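So the chains spell out like this:
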Amino acid sequence: MRVVLLGPPGAGKGTQADRIAARFQLVHLATGDILRANVADGTPLGEVAQAYLDSGELVPDQVVVAMMLERLTQPDCKRGFLLDGFPRSVAQARALDEHLAEVGTPLDAAINLEVAEGELLQRLAGRGRADDNTQTIRNRLQVFASSTRPLLDYYDEQGLLFSVAAAGTIEEVSERILHAPRDVPWRAPPAGSQPATSGSEGVDVS
Ligand code: ADP
């Protein structure tokens with residue numbers, strides 16, 4: 001199962017991705033976390049990334065694409081993965097699609113977490129990460145609107161997009177994600193119950 005999680009900064013992608021990945025034993029790849037780890041370790045990649053992280057701009061596509069495609073070829077991703085924060089532009093999405101087509105394992109779904117802007121600002125202001133200051137937050141939301149929002153159409157045209165209201169408690173949002181339409185592969189009986197008859201709802205972890 002290969003899934004992309006979309007949504008603006010503050011939508012709760014990381015929290016939901018952790019829960020879904022744990023439930024289905026998928027690798028959760030959070031691009032922002034990988035970039036921040038590189039900054040903390042002082043790697044060459046981190047040196048390139050730092051100014052972009054600080055300002056809320058996107059790290060250049062070719063840098064992020066190289067980093068993520070390399071990561072996706074590692075053996076732990078064979079079972080499936082949940083991408084959180086990648087792709088963030090149509091160019092990144094195309095590069096990802098091309099790579100996955102080459103290796104014969106296309107995406108199964110793109111889940112979009114929808115949140116009203118007022119709620120986002122509140123959540124981000126309360127989080128306290130280094131790039132959660134007012135100016136950077138504003139910039140990240142603008143970058144989302146201009147570079148990342150077009151991905152919704154991109155995946156919708158491929159029939160992969162599923163939007164979920166991300167207001168409410170963490171549990172409520174997880175439930176909504178898990179009750180995605182039948183064609184999202186994780187639509188499955190609750191953990192511990194018998195697989196559905198006719199095999200229509202089993203968890204596809206291919
Ligand atoms: P959030 O979604 O809350 O903004 P992230 O941790 O996902 O937090 O991203 C933080 C920053 O990392 C972004 O503002 C951007 O600078 C950089 N970044 C993360 N993912 C990407 C990506 N796919 N392409 C380019 N830059 C990225």
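Residues numbered from 1 in each chain as written. Predicted model: local features only at pLDDT ≥ 70, side-chain atom pairs only at ≥ 80, totals over all residues. Heavy atoms only, no water.

> Could you give an account of the overall build of the protein, with specific residues and numbers?
Within the protein, the secondary structure is distributed over nine helices and five strands. Each helix and strand of the protein, placed in order from N terminus to C terminus, yields the pattern β-α-β-α-α-α-β-α-β-α-α-α-β-α. Per-residue burial over the protein gives 43% buried out of 206 residues. For the protein, restricting intrachain contacts to residue pairs at least 6 apart in sequence, the fraction spanning at least 24 positions comes to 70%. As displayed, the protein offers around 10,300 Å² of accessible surface, 52% of which is attributable to carbon and sulfur atoms. (Helix = DSSP H or I, 4+ residues; strand = E, 2+ residues; numbered from the N terminus. Buried < 20%, exposed > 50% of the residue type's maximum accessible area, 1.4 Å probe, protein only. Contact = heavy atoms within 4.5 Å. Areas by Shrake-Rupley, 256 points an atom, 1.4 Å probe, with all protein chains shown as cover.)

> Kindly report on unusual backbone geometry, identifying the contributing residues and their values.
Trans is the common state for peptide bonds, and a negative phi is the common state for residues other than glycine. In this chain, Phe-86 is followed by Pro-87 through a cis amide linkage whose omega measures -5 degrees. With respect to the element layout, Pro-87 can be found in the loop between strand S3 (81–84) and helix H5 (90–102).

> Which residues make up the confidence of the model for the protein, and what values do they have?
Per-residue confidence for the protein gives a mean pLDDT of 87; residues scoring 70 or more make up 87%. Taken as a whole, residues 193–206 scores under 50 in pLDDT and shows 22 contacts with residues more than four places along the chain or in a different chain. (pLDDT = per-residue confidence, 0-100.)

> Before we move on, could you go through the packing of helix H2 (residues 31–41) against helix H4 (residues 61–72) and cite the residues and values that matter?
Running from N to C, H2 and H4 cross one another at 100 degrees; their axes reach a closest spacing of 11 Å. Here H4 runs roughly perpendicular to H2, going by the angle between their axes. Side by side, H2 and H4 meet where Thr-31, Ile-34 and Leu-35 of the first sit next to Val-64, Met-67 and Met-68 of the second. When the residues that make up the contact of H2 with H4 are grouped by side-chain class, the tally is five nonpolar, one polar and no charged. (Axes fitted to C-alpha atoms, helices over the stretch in contact; angles between N-to-C directions. Parallel < 35°, antiparallel > 145°, perpendicular 65-115°, else oblique. Nonpolar A, V, L, I, M, F, W, Y, C, P; charged D, E, K, R; others polar.)

> Report on the packing of aromatic side chains, specifying residues and quantitative values.
Counting across every chain of the model gives one aromatic pair. An angle of 85 degrees between the planes, with centres 5.1 Å apart, marks the rings of Tyr-154 and Tyr-155 as edge-to-face. You'll find Tyr-154 and Tyr-155 in the same group, each marked buried. (Phe/Tyr/Trp six-rings, centres within 6.5 Å; stacked < 30°, edge-to-face > 60°.)

> Quick rundown of the site of the ligand? Include the residues and the values.
Near the ligand lie 22 residues; those nearest to it are Arg-36, Glu-57, Gly-85, Arg-88 and Gln-92. A distance of 2.9 Å is found between an oxygen atom of the ligand and a side-chain nitrogen or oxygen belonging to Arg-36. Starting from 550 Å² of accessible surface for the ligand in isolation, the protein chains cover 96%. Of all elements in the fold, only H2 and helix H3 (44–55) reach the threshold of two or more residues within the shell around the ligand. Counting residues per element, the shell around the ligand draws most heavily on H2, at four residues. (Near = heavy atom within 4 Å. Polar contact = N/O pair within 3.5 Å; in protein donor to acceptor, adjacent residues only side chain to side chain.)

> I'd like a rundown of H2, residues and numbers included.
Taken as a whole, H2 has its buried residues at Thr-31, Gly-32, Leu-35 and Asn-38. The buried side chains of H2 occupy one side of the element, clustering within an arc of 125 degrees when seen end-on. Turned more than 90 degrees away from the buried face of H2, the exposed residues are Ala-40 and Asp-41. The secondary structure elements touched by the buried residues of H2 are strand S2 (27–30), H3, H4 and S3. Looking one or two residues beyond H2, the residue adopting positive phi is Gly-42, at roughly 65 degrees. (Arc of directions from axis to C-beta.)

> Break down the pattern of salt bridges for me, citing the residues and quoting the values.
Counted by the stated rule, this structure contains seven salt bridges. A cluster of three or more residues bridged by salt bridges with shared partners is formed by Arg-127, Arg-129, Asp-131, Asp-132 and Arg-140. (Salt bridge = Lys/Arg side-chain N within 4 Å of Asp/Glu carboxyl O.)

> Before we move on, can you summarise the environment of Ala-11 with the specific residues and values?
Topologically, Ala-11 is positioned in the loop between strand S1 (2–6) and helix H1 (13–24). Given a relative accessible area of 4%, Ala-11 falls into the buried group. Sequence separation between Ala-11 and Ala-166 is 155 residues; the distance between their C-alpha atoms is 6.6 Å. Not counting the four nearest positions on each side in its chain, Ala-11 is found in contact with Leu-113, Val-115, Leu-120, Arg-123 and Ala-166.

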